[in-house]
Amino acid sequence: MNILMFGPNGSGKGTQGAIVKEKYNLAHIESGAIFRENIGKGTELGAKAKEFIDRGDLVPDEITIPMILDRLKQDDCKNGWLLDGFPRNKNQAIKLDEALKASGLDLDIVAEVILDRQIAKNRIMGRRLCVNDNNHPNNIFIDAIKPNGDKCRVCGGDLTSRSDDQDEEAINKRHSIYYDTESGTLAAAYYFKDLAEKGGKVKYITLDGAPSVKEVTAELMSKL
Ligand code: AMP
């Protein structure tokens, strides 16, 4: 099974992707993680990508597209893959579609996690990390998981926040790319939606990203 996951930063797309990957034993390919790994290792690719990533811009297609298409040819992808973070614009969607056709591969599912832009932004900016356990859910903008004063709602521990979660300009830039239905990430998603509506093999599913992780997972599993 080959799957594409779409969803804005803050929609829980990564969490849902990890659950699907486990269930179907897929290779989980995250373009952002590949870039971060290359930056960490000090590779030439990492050096080229870093300046774009730091600004919240997309890494140019000449770098990103071959990197992902090569990754899909590796052995661990034979049993299927879940792509997260690619395609991020319409051109990448077209190039992916062409490459899959050329190698006789099918895209089975495209899943779009739908979440209002302001809610997505609040989720990111309101996220607080418990010093005792990062998995304790705390968010100052979500009533169900509001901290207890300025302490963790689960254990009373001190709370901190990720610095990149507080960079409003970078969050706005990333969301502007995501919600752009002309040439941005939603345009890439709709490229496949269009193929599905025209009777293509690919199945396009949408998920409401507003409820809890468990509820979104339940909807996802029922639609796969
Ligand atoms: P992410 O971890 O998915 O938020 O990605 C982090 C950063 O990596 C993005 O803000 C982009 O700068 C870059 N990036 C990830 N995926 C792509 C892509 N498909 N095309 C271009 N740049 C990307």
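Residues numbered from 1 in each chain as written. Predicted model: local features only at pLDDT ≥ 70, side-chain atom pairs only at ≥ 80, totals over all residues. Heavy atoms only, no water.

The next thing to look at is the site of the ligand. Among the 14 residues in the neighbourhood of the ligand, the closest are listed as Ser31, Arg36, Asp57, Gly85 and Gln92. In the environment of the ligand, a nitrogen atom lies 3.0 Å from a nitrogen or oxygen atom belonging to the backbone of Val59. Here a nitrogen atom of the ligand sits 3.0 Å away from a polar atom, N or O, in the side chain of Gln92. Protein contact buries 90% of the 480 Å² of open area that the ligand shows by itself. If one sorts the elements of the shell around the ligand by residue count, helix H2 (residues 31–41) sits on top with 4 residues. Per-class residue counts for the shell around the ligand are 5 nonpolar, 5 polar and 4 charged. (Near = heavy atom within 4 Å. Polar contact = N/O pair within 3.5 Å; in protein donor to acceptor, adjacent residues only side chain to side chain. Areas by Shrake-Rupley, 256 points an atom, 1.4 Å probe, with all protein chains shown as cover. Helix = DSSP H or I, 4+ residues; strand = E, 2+ residues; numbered from the N terminus. Nonpolar A, V, L, I, M, F, W, Y, C, P; charged D, E, K, R; others polar.)

All right, on to the layout of surface pockets then. Of the volumes computed, that of the second largest pocket is approximately 260 Å³. In this structure, the second largest pocket is lined by 15 residues; those nearest its centre are Leu72, Lys73, Trp81, Ser103 and Leu105. Its residues assigned to classes, the lining of the second largest pocket comprises 8 nonpolar, 5 polar and 2 charged. (1 Å grid on protein atoms, 1.4 Å probe; cavity = no way out; pocket = protein on both sides within 12 Å on 5 of 7 lines; lining within 4 Å. Points joined across faces, edges and corners; volume = space filled by probe spheres on them.)

Let us now look at the nonpolar core. Counting residues in each nonpolar core, the largest one holds 32 residues, and the members touching the most others are Leu4, Trp81, Leu83 and Leu96. Looking at this core, the elements with two or more residues in it are strand S1 (2–6), strand S2 (27–30), H2, helix H3 (44–55), helix H4 (61–71), strand S3 (81–84), helix H5 (90–102) and helix H8 (185–197). Once residues lying within four places of it in the same chain are set aside, the contact partners of Leu83 are Ile3, Leu4, Met5, Ile29, Ile68, Leu72 and Leu96. In this structure, Ile3, Val20, Leu82 and Leu207 belong to the second largest nonpolar core, which totals 12 residues. (Core = buried A, V, L, I, M, F, W, Y, C linked by side-chain atoms within 4.5 Å. Buried < 20%, exposed > 50% of the residue type's maximum accessible area, 1.4 Å probe, protein only. Contact = heavy atoms within 4.5 Å.)

Glancing now at H8. Given a rise of 1.5 Å per residue, 13 residues ought to cover 18 Å, and the 19 Å separating the end C-alpha atoms of H8 matches this to within 8%. Buried within H8 are the following residues: Thr185, Leu186, Ala187, Ala188, Ala189, Tyr191 and Phe192. For H8, the elements touching its buried residues are S1, H5, strand S4 (109–114), helix H7 (168–178) and strand S7 (203–208). One or two residues past the end of H8 sits Gly199, with phi positive at roughly 90 degrees. (Expected span 1.5 Å × (residues − 1).)

On to the pattern of salt bridges. Within the structure shown, the criterion is met by 16 salt bridges. Two residues, Lys48 and Glu44, come together in a salt bridge whose shortest N-O distance is 3.8 Å. Of this pair, Lys48 and Glu44 are both found in helix H3, 4 residues apart, which corresponds to roughly one turn of the helix. Lys48 gets classed as partly exposed once you look at its relative accessible area, which sits at 43%. Given a relative accessible area of 62%, Glu44 falls into the exposed group. As a salt-bridge pair, Lys198 and Asp194 come within 2.9 Å of each other at their nearest N and O atoms. (Salt bridge = Lys/Arg side-chain N within 4 Å of Asp/Glu carboxyl O.)

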